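For reference, the chains in residue letters:
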Amino acid sequence: FRDKRVRQALGLALDFEWMNRQLFYDQYRRSPSYFTNSEMAAAGRPDAEELKLLEPLRSRLDPGVFDEAPLPPVTTPPHSLRENLRQARSLLEAAGWSYRDGALRDAAGKPFEFECITYTRVFERVLAPYAKALAKLGITLRYRVVAAALYQQRMDTFDYDMTTVVFASSQSPGNELWGRFGSQAADEPGSDNAIGIKDAAVDALVEAVVSAESRIAQVAAARALDRVLRAGYYLVPHFHNTTHRIGYKNRFGMPTTLPLYYASEDWMLKTWWVDPAREGRP
């Protein structure tokens, strides 16, 4: 996993469009960014404000950071999982992995095998087709559901090959980014740096986000950080829902215009009211 080409190849093997269609009733959207669904998500090439932050770090950055912000692979025509797996195979070969004797192996003959842990069987329906696609490359993915307490212990000690994490964020990210992406947090048991990132350039951009003195500066720094993280292919991006699902009795009044992004529990209790005109209705 230390080789970016390997990480990128693993991302190419996840067929989100198939899963969304066959498992999720087309309810979800792929998450392309570490700041998905906000103005802080990078798009296209870096603008002038982002370049002010990125240029001094150029020698430490992947050249792809200065190109179009990478997007997750797709399998909608004319693209396909088959095409994506061919790209993955090329990346793996370039990284020193070749298929022989029934498995993808390194130069020493060691097969490419890894484990993904989760605390709920919900993710099995995602991992099963992913493992099947990886098997076509000669990669063995074993996924295992562990007890919640053991899962937390393994997360706290970074005792896993792969797992699933959620990076919950506000519309104004701050100090939590140090725990999530900062180099120091990578060696702190129990930190949120599940990826294990240790990168001086990332540290510099986190500092730029946290210390920004204006919204414009904060957005530019977040977009620059997003570019660097996405160019590292540290994650196999998952998905998000574009709507809030709420079950409620039909006795409440509510504003006609609701927030676009924030979690429903934050605004629901503050903005809904018992509507006398609705009393007595089921």
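Described in the following lines is the structure provided in the data block. Per chain, residues are indexed from 1 in the order of the written sequence. Reporting in this predicted model follows two pLDDT cut-offs: at least 70 for local features of residues, and 80 or more for side-chain atom pairs to be given and counted; totals over whole chains, interfaces and linings ignore these cut-offs and use all residues. The basis for every side-chain value is the complete set of non-hydrogen atoms in the structure, without hydrogens or water.

**Details of the nonpolar core**
Line of reasoning, step 1. Nine residue types can take part in a nonpolar core, namely buried Ala, Val, Leu, Ile, Met, Phe, Trp, Tyr and Cys, and a core is a set of them joined through side-chain atoms within 4.5 Å. A simple rule labels every residue: compare its accessible area, found with a 1.4 Å probe on the protein chains alone, to the largest value its type can have, and call it buried under 20%, exposed over 50%, or partly exposed in between. With 32 residues, the main nonpolar core has Leu92, Phe112, Phe114, Tyr130, Leu134, Ile139 and Leu141 as its most contacted residues.
Line of reasoning, step 2. Elements with a minimum of two residues in this core: α1 (4-12), α2 (16-22), α4 (81-94), β4 (113-118) and α5 (124-135).
Line of reasoning, step 3. Comment: elements are numbered from the N terminus, with helices defined as DSSP H or I runs of at least four residues and strands as E runs of at least two. With six residues, the top contributor of residues to this core is α5.
Line of reasoning, step 4. Residue contacts follow a heavy-atom distance rule, with two residues in contact if any of their heavy atoms lie within 4.5 Å. The contacts of Phe114, once residues within four sequence positions are left out, are Phe1, Leu10, Leu134, Ile139, Thr140, Leu141, Arg142, Asp161 and Met162.
Line of reasoning, step 5. Counting residues in each nonpolar core, the second largest holds 25 residues, with Leu61, Phe181, Val206 and Val228 among its members.

**Focus: the environment of Leu81**
Line of reasoning, step 1. Its location among the elements puts Leu81 in helix α4.
Line of reasoning, step 2. On a C-alpha basis, the gap between Leu81 and Trp18 in space is 9.3 Å, while along the polypeptide they are 63 residues apart.
Line of reasoning, step 3. Setting aside anything within four residues of it in sequence, one finds Leu81 in contact with Leu12, Ala13, Asp15, Thr75 and Ala133.

**Considering the pairing of β4**
Line of reasoning, step 1. Pairing between strands is defined by DSSP: at least two bridges between them are needed. Taken together, the six bridges between β4 and strand β5 (residues 140-145) define a ladder with parallel strand orientation. Paired with Phe114 across the bridge in β5 is Leu141.

**Remarks on the packing of helix α8 (residues 200-210) against helix α9 (residues 215-231)**
Line of reasoning, step 1. Between α8 and α9, whose axes approach to 8 Å, the crossing angle comes to 155°. Relative to α9, the element α8 is oriented roughly antiparallel. Seen along the crossing, α8 lies across α9 with a hand that is left-handed. Along the contact surface, α8 presents Val202, Leu205, Val206, Ala208 and Val209, while α9 presents Gln218, Ala221, Ala222, Ala224, Leu225, Val228 and Leu229.
Line of reasoning, step 2. When the residues that make up the contact of α8 with α9 are grouped by side-chain class, the tally is 11 nonpolar, one polar and no charged. What counts as an axis is a line fitted to C-alpha atoms, over the stretch in contact for a helix, and the angles between N-to-C directions run from 0 to 180 degrees. When an angle is under 35 degrees it counts as roughly parallel; over 145 it counts as roughly antiparallel; between 65 and 115 it counts as roughly perpendicular; any other value is oblique. Left-handed describes a crossing whose near helix is turned anticlockwise from the far helix by less than a right angle; the clockwise case is right-handed. Under this grouping Gly is polar, as are all residues other than the nonpolar Ala, Val, Leu, Ile, Met, Phe, Trp, Tyr, Cys and Pro and the charged Asp, Glu, Lys and Arg.

**Overview of the pattern of salt bridges**
Line of reasoning, step 1. When a carboxyl oxygen of Asp or Glu lies within 4 Å of a side-chain nitrogen of Lys or Arg, that pair is called a salt bridge. A complete count under the given rule lists 17 salt bridges for this structure.
Line of reasoning, step 2. Among the salt bridges present, the one from Asp67 reaches Arg45, with a minimum N-O distance of 3.2 Å. Here Asp67 is found in the loop between α3 (48-54) and α4, whereas its partner Arg45 is found in the loop between β1 (28-30) and α3, with 22 residues between them in sequence.
Line of reasoning, step 3. The shortest N-O distance in the salt bridge between Arg154 and Glu115 comes to 3.2 Å. Pair noted here: Arg154 is in helix α6 (residues 148-156) and Glu115 is in strand β4, with a separation of 39 residues, a long-range link.
Line of reasoning, step 4. Put simply, Glu115, Arg144, Arg154 and Asp159 are held in one network by salt bridges that share partners.

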